[in-house]
Amino acid sequence: MSEALAAIETAGTDTSVPAVSGARQFWRRLRAQRAALVAAAVVALLVLVALAAPLLTALEGQDPTTYHPTLIDSARGGVPIGSFGGISADHWLGVEPQTGRDMFARLLYGARVSLGVSLGATVVQVVVGIAMGVAAGLGNRWVDLILSRVTDIFLAMPLMIMALALLAVVSDGFPRPVLVALIISLVSGWSTMAKMVRAQTLALKNLDYVSASRLSGWSTWRTAVRELLPGLAAPVITYGALLIPQNISAEAALSFLGVGVKPPTPSWGQMLTSADVWYQAAPQYLLLPALALFVTVFAMTVLGDGVRVALDPRAASRLRIGTGRKREARAGTAAPATQNGAPATGEAAPGTETAAPGPGKGVPDAASTAVPKKKEERT
């Protein structure tokens, strides 16, 4: 239906210049932001390293679960033997205190867990949020009321308290990373997404092409898929990109509290949990997972903000044109517009003659201009 209306509206217009597609505009705006490109490169590198963790650890010759008791000093409480936490040709980032497990392998496999949990939770949040928001926006008054109140209840739930309660009662036989992802996604995140999608749906369903599709007999499902979802793509992608760093921080916090991913499965938050007593004897055991978390969350946040700017034409135009005094300064220094080779201010072009208008046509006569001439002579 929207395609038909677009074809009718553009009928009779000149189509010799093809319009730039939305994807090309998005990539062009995203490439114009250097910070977003650097953040995208960092995120791509982190994902690549997480996927290639088995190959990289095999290249080192270590794994994340093997103990090396000969590499720790039991007389000093389990401090790694050697400088910088036992860094050597066999252990590129040293070993873990008290256990002797390889730090490089645990960091790489911890990246798989942290990124996997956050991405899985984000996908569930986006799907549930879109379903609840569209259903509330397109439903009748009672459906909208019930779904909105359910969303408000989940929005008011504190994530940490509910996660601690749910993780404590679930059996340890359930895969812990999957359980953490489900709890993070179902307790928080999706409710805010549902609120945003509902507001966008209420605004879009009053447009002409959506109303035409509903009057033509299309079902609610077909209208939502064909007409509403394309209009919801930009805000959903923007908010989804910003949810990923939040989910990484939530998983790290739950693992830090001891209710997240359980050993021997490595996780950055879990590594920070056992590193709080080793920051003086083996500071790299605390600094490495903390630095990995900081870089990942910061890169994801910068990339999410870049995606928001690239998907919002108004934000992109503000960045390109400027606001406030900068815009006024640019407008003041701009060249005067010309029309037919003559300035737009009404002045005659050089080399042209203009006929003097006669009296009675809004131009002062000689008598009225005599006084100003005298003033000029006095000055």
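In what follows, the structure referred to is the one given above.
In this text the structure is predicted, and so the values were computed from the model without any measurement.

Caption draft 1: Inspection of the overall build of the chain at higher detail. Of regular secondary structure, the chain possesses 16 helices and four strands. Expressed as a percentage of the 379 residues in the chain, the buried residues total 35%. Of all intrachain contacts in the chain linking residues separated by at least 6 positions in sequence, the fraction that spans at least 24 positions is 71%. Looking at the chain as shown, the accessible area adds up to about 22,200 Å², and 65% of this sits on carbon and sulfur atoms.

Caption draft 2: Summary view of the packing of helix H5 (residues 103–138) against helix H13 (residues 284–311). At a closest axis distance of 11 Å, the pairing of H5 and H13 adopts a crossing angle of 35°. Once H5 is placed against H13, the crossing between them reads as right-handed. The segment H5 lies against H13, with Met-103, Leu-107 and Leu-115 engaging Gln-284, Tyr-285, Leu-288, Pro-289, Thr-296 and Met-300. Looking at side-chain class alone, the contact of H5 with H13 contains seven nonpolar, two polar and no charged residues.

Caption draft 3: Looking closely at the pattern of salt bridges. In this structure the tally under the stated criterion is six salt bridges. Note that Asp-144 is salt-bridged to Arg-198, the shortest N-O span being 2.7 Å. Of this pair, Asp-144 sits in helix H6 (residues 141–156) while Arg-198 sits in helix H9 (residues 190–204), and the two are 54 residues apart along the sequence. Across the salt bridge formed by Lys-195 and Asp-152, the nearest N and O atoms sit 2.7 Å from each other.

Caption draft 4: Geometry of the packing of aromatic side chains. In the structure shown here, the tally under the stated rule is four aromatic pairs. With 5.9 Å between their ring centres and 15° between their planes, Phe-294 and Phe-298 make a pair best called stacked. Here Phe-294 pairs with Phe-298, and both are found in helix H13, just four residues apart, close to one helical turn. Each member of the pair, Phe-294 as well as Phe-298, carries the same accessibility label: exposed.

Caption draft 5: Molecular detail of the side chain of Ser-185. You can see Ser-185 is positioned in helix H8 (residues 176–187). The exposure class assigned to Ser-185 is buried, which follows from its relative accessible area of 0%. There is a polar contact of 2.9 Å between the side chain of Ser-185 and the backbone oxygen of Leu-182. Leaving out residues up to four positions away in the same chain, Ser-185 has contacts with Ala-121, Val-124, Gln-125 and Trp-190.

Caption draft 6: Geometry of the nonpolar core. Grouped together as the largest cluster of nonpolar side chains are 28 residues, with contacts concentrated most on Ile-248, Trp-268, Met-271, Tyr-285, Leu-293 and Met-300. Top element by residues in this core is H13. It accounts for eight residues. With residues up to four places along the chain from it excluded, the contact list for Tyr-285 reads Glu-96, Pro-97, Met-103, Met-271, Ser-274, Ala-275 and Trp-278. In this structure, Leu-167, Ile-184, Val-187 and Val-261 belong to the second largest nonpolar core, which totals 16 residues.

So, how was this worked out
- Residues numbered from 1 in each chain as written.
- Predicted model: local features only at pLDDT ≥ 70, side-chain atom pairs only at ≥ 80, totals over all residues.
- Heavy atoms only, no water.
- Helix = DSSP H or I, 4+ residues; strand = E, 2+ residues; numbered from the N terminus.
- Buried < 20%, exposed > 50% of the residue type's maximum accessible area, 1.4 Å probe, protein only.
- Contact = heavy atoms within 4.5 Å.
- Areas by Shrake-Rupley, 256 points an atom, 1.4 Å probe, with all protein chains shown as cover.
- Axes fitted to C-alpha atoms, helices over the stretch in contact; angles between N-to-C directions.
- Left-handed = near helix turned anticlockwise from the far one by under 90°.
- Nonpolar A, V, L, I, M, F, W, Y, C, P; charged D, E, K, R; others polar.
- Salt bridge = Lys/Arg side-chain N within 4 Å of Asp/Glu carboxyl O.
- Phe/Tyr/Trp six-rings, centres within 6.5 Å; stacked < 30°, edge-to-face > 60°.
- Polar contact = N/O pair within 3.5 Å; in protein donor to acceptor, adjacent residues only side chain to side chain.
- Core = buried A, V, L, I, M, F, W, Y, C linked by side-chain atoms within 4.5 Å.

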